[in-house]
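These are the residues of each chain, in order.
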Amino acid sequence: IYILVIREEKEERLRAVLSESIVNLSFRKLKTDQIRHMTCTLNDEYVPKTDNTKEQRKEPPGLITVYDLDVKGWRRFYADRVIDFEAEKIVDVEV
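Source: prediction; values computed, not measured.

1. Remarks on the pattern of salt bridges
Counting across every chain of the model gives 3 salt bridges. What you see here is one network of salt bridges that share partners, running through Arg28, Asp33 and Arg81.

Printed below as a string of C-alpha cells:
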C-alpha cells in the first residue's frame, strides 16, 4: 500500500508541475525499455487550441497524456516509468 501511495503522490506532483510549466523529463518506454527525453507541458498557454468535440477517453491509472513541444504533438507515458523531471522556469517576454 505504501508504494501505491508514493506512486500516486508522484503522479499528482508531476501533473501539477506539467499544468503550470514546461517540463523536461526522462522516462523508460514500456515496450522497449529505452530511455526517452521529452520537453512537454499541459499548460494551456503552450498547447494548441482545438475545436475537438470528441468525448475525452478515460485514461488508465498512471497514464499521462502531454503535449510534446519538440515534435508538436501529443504523447503518453506512465508516471511510474518517469526517471526524472525538472520544470523549466517560464519567462514572460513582451514583444
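2. Here's the deal with the nonpolar core
Ranked by size, the top nonpolar core spans 12 residues in total: Leu14, Leu18, Val23, Leu25, Phe27, Met38, Cys40, Ile64, Val66, Phe77, Ala79 and Val82. Of the residues forming this core, the biggest block, 3 residues, is contributed by strand β1 (residues 23-28). When near neighbours in sequence (up to four residues on either side) are disregarded, Met38 contacts Val23, Asn24, Leu25, Phe27, Val66, Asp68, Arg75 and Phe77.

3. Comments concerning the environment of Ser19
With respect to the helices and strands, Ser19 occurs in helix α1 (residues 2-20). The class for Ser19 is partly exposed, based on a relative accessible area of 38%. Along the sequence, Ser19 and Leu42 sit 23 residues apart, while their C-alpha atoms lie 4.5 Å from each other. With near-sequence residues (within four places) excluded, Ser19 lies in contact with Leu42 and Asn43.

4. Notes on the environment of Asn24
With respect to the secondary-structure elements, Asn24 resides in strand β1. Separated by 44 residues in the primary sequence, Asn24 and Asp68 have C-alpha atoms spaced 9.9 Å apart. Here Asn24 is in contact with Met38, Thr39, Asp84, Phe85, Glu86 and Glu88, once residues within four sequence places are set aside. A distance of 2.8 Å separates the side chain of Asn24 from the side chain of Thr39, its partner in a polar contact.

What counts as what
- Residues numbered from 1 in each chain as written.
- Predicted model: local features only at pLDDT ≥ 70, side-chain atom pairs only at ≥ 80, totals over all residues.
- Heavy atoms only, no water.
- Salt bridge = Lys/Arg side-chain N within 4 Å of Asp/Glu carboxyl O.
- Core = buried A, V, L, I, M, F, W, Y, C linked by side-chain atoms within 4.5 Å.
- Buried < 20%, exposed > 50% of the residue type's maximum accessible area, 1.4 Å probe, protein only.
- Helix = DSSP H or I, 4+ residues; strand = E, 2+ residues; numbered from the N terminus.
- Contact = heavy atoms within 4.5 Å.
- Polar contact = N/O pair within 3.5 Å; in protein donor to acceptor, adjacent residues only side chain to side chain.

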